[in-house]
Amino acid sequence: MKSSKVGNVNLVPVSSSTAHIRILFDLLQERRHPISSGILPGFDDHTLFVQNHPYRYWYLIHKDDKYLGSVYGTYHNVMGLSVERDITVLRDVIDSVMKLHPPLFEIKSIRGRDYCVNISPTNVELELALQGLGATLIQKTYRLRKPEDD
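In this numbering scheme, every chain counts its residues from 1 along its sequence in written order. In keeping with the predicted nature of the model, local features appear solely for residues at pLDDT of at least 70, side-chain atom pairs appear and are counted solely at 80 or more, and the whole-chain, interface and lining totals rest on all residues. Excluded from the side-chain calculation are hydrogens and water; included are all heavy atoms of the structure.

A. Seen up close, the pairing of strand β3 (residues 57–63). Burial analysis of β3 places seven of its seven residues in the buried class, which makes it a mostly covered element. Here's how the labels work: a residue is buried when its accessible area is under 20% of the maximum for its type, exposed when over 50%, partly exposed in between, all with a 1.4 Å probe on protein chains only. Starting at the N terminus, helices and strands are each numbered in turn, a helix being any DSSP run of H or I of at least four residues and a strand any DSSP run of E of at least two. With burial as the criterion, each face of β3 is covered, one bearing Tyr57, Tyr59, Ile61 and Lys63 and the other bearing Trp58, Leu60 and His62. Alignment of strand β2 (residues 9–13) against β3, held across four bridges, turns out to be antiparallel. Each bridged residue has a counterpart across the sheet, and for Leu11 the counterpart in β3 is Ile61. When DSSP finds two or more bridges between two strands, those strands count as paired. In this sheet, strand β4 (residues 66–73) lies alongside β3 in antiparallel orientation, the contact comprising seven bridges. Residue pairing for β4: His62 is matched across the bridge by Tyr67. Where β3 hands over to β4, the hairpin turn is made up of two residues, of which Asp64 adopts a positive phi near 50°.

And the structure:
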């Protein structure tokens, strides 16, 4: 898969190259608003994840000779956005992804007809930017932890 350019933004397909693994690891370590466990993986675990990722697509966001973040899409029409280095690229990134990878067809109770974006409740900047692009709030998500074994 070749890279795609919209405006000044270039989407570079993630490969399992050492360079891409390192770039993604650096971006992960800079993340200020985690939405997963909050515990960063070690480099070896990160490498295995990149080499075997479960995503429909995954791109590095490149502009002006810099990697600014990444975007991925799942088979459930969830788009993961990491644009903390430069949120101004958000519109171009979303427009490009939507052209390259329209949402998959709806399956009731499994996959919605549109893309959804999960964000950290602390990431107000991304929330406001998404609202500015016309995104609407449709749900709040809570994690239920299993009880620890006694």
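Structure's up, so let's keep going.
B. Structural context of the nonpolar core. Nonpolar cores were defined as sets of buried Ala, Val, Leu, Ile, Met, Phe, Trp, Tyr and Cys residues, with membership established by side-chain atoms within 4.5 Å. The biggest cluster of nonpolar side chains holds 18 residues, and the ones touching the most others in it are Leu11, Ile61, Val71, Met79, Leu81, Val93 and Val97. Looking at this core, the elements that each hand over two or more residues are β2, β3, β4, β5 (79–82), α3 (90–100) and α4 (124–132). Sort the elements by how many residues they give to this core and α3 lands first, with four residues. By definition, residues are in contact when any of their heavy atoms lie within 4.5 Å. If near-sequence neighbours (up to four positions away) are discounted, Met79 is found in contact with Tyr57, Val71, Tyr72, Gly73, Ile94, Val97, Met98, Tyr115, Cys116, Val117 and Asn118.

C. Up close: the packing of α3 against α4. Whenever a helix is involved, its axis is fitted only over the stretch in contact; in every case the axis is a line through C-alpha atoms, and angles between N-to-C directions fall within 0 to 180 degrees. At a minimum axis distance of 10 Å, the contact between α3 and α4 shows a crossing angle of 60°. When the axis of α3 is compared with that of α4, the two are oblique. Classified by chirality, the crossing of α4 by α3 is right-handed. Residues Leu90, Arg91 and Ile94 of α3 touch α4, and the partners they reach there are Leu126, Ala129, Leu130 and Gly132. Residue type decides the class: Asp, Glu, Lys and Arg count as charged, Ala, Val, Leu, Ile, Met, Phe, Trp, Tyr, Cys and Pro as nonpolar, and the leftover types, Gly among them, as polar. Residues belonging to the contact of α3 with α4 are distributed by class as follows: five nonpolar, one polar and one charged. By the definition adopted for this analysis, an angle is roughly parallel if under 35 degrees, roughly antiparallel if over 145, roughly perpendicular if from 65 to 115, and oblique otherwise. Note: crossing handedness is left-handed where the near helix turns anticlockwise from the far helix by less than a right angle, and right-handed where it turns clockwise.

D. Main features of the environment of Leu126. Position of Leu126 among the secondary structure elements: in helix α4. Between the C-alpha atoms of Leu126 and Lys5, which are 121 residues apart in sequence, the distance is 22 Å. If sequence neighbours within four positions are ignored, Leu126 has contacts with Leu81, Val83, Ile87, Leu90 and Ile119.

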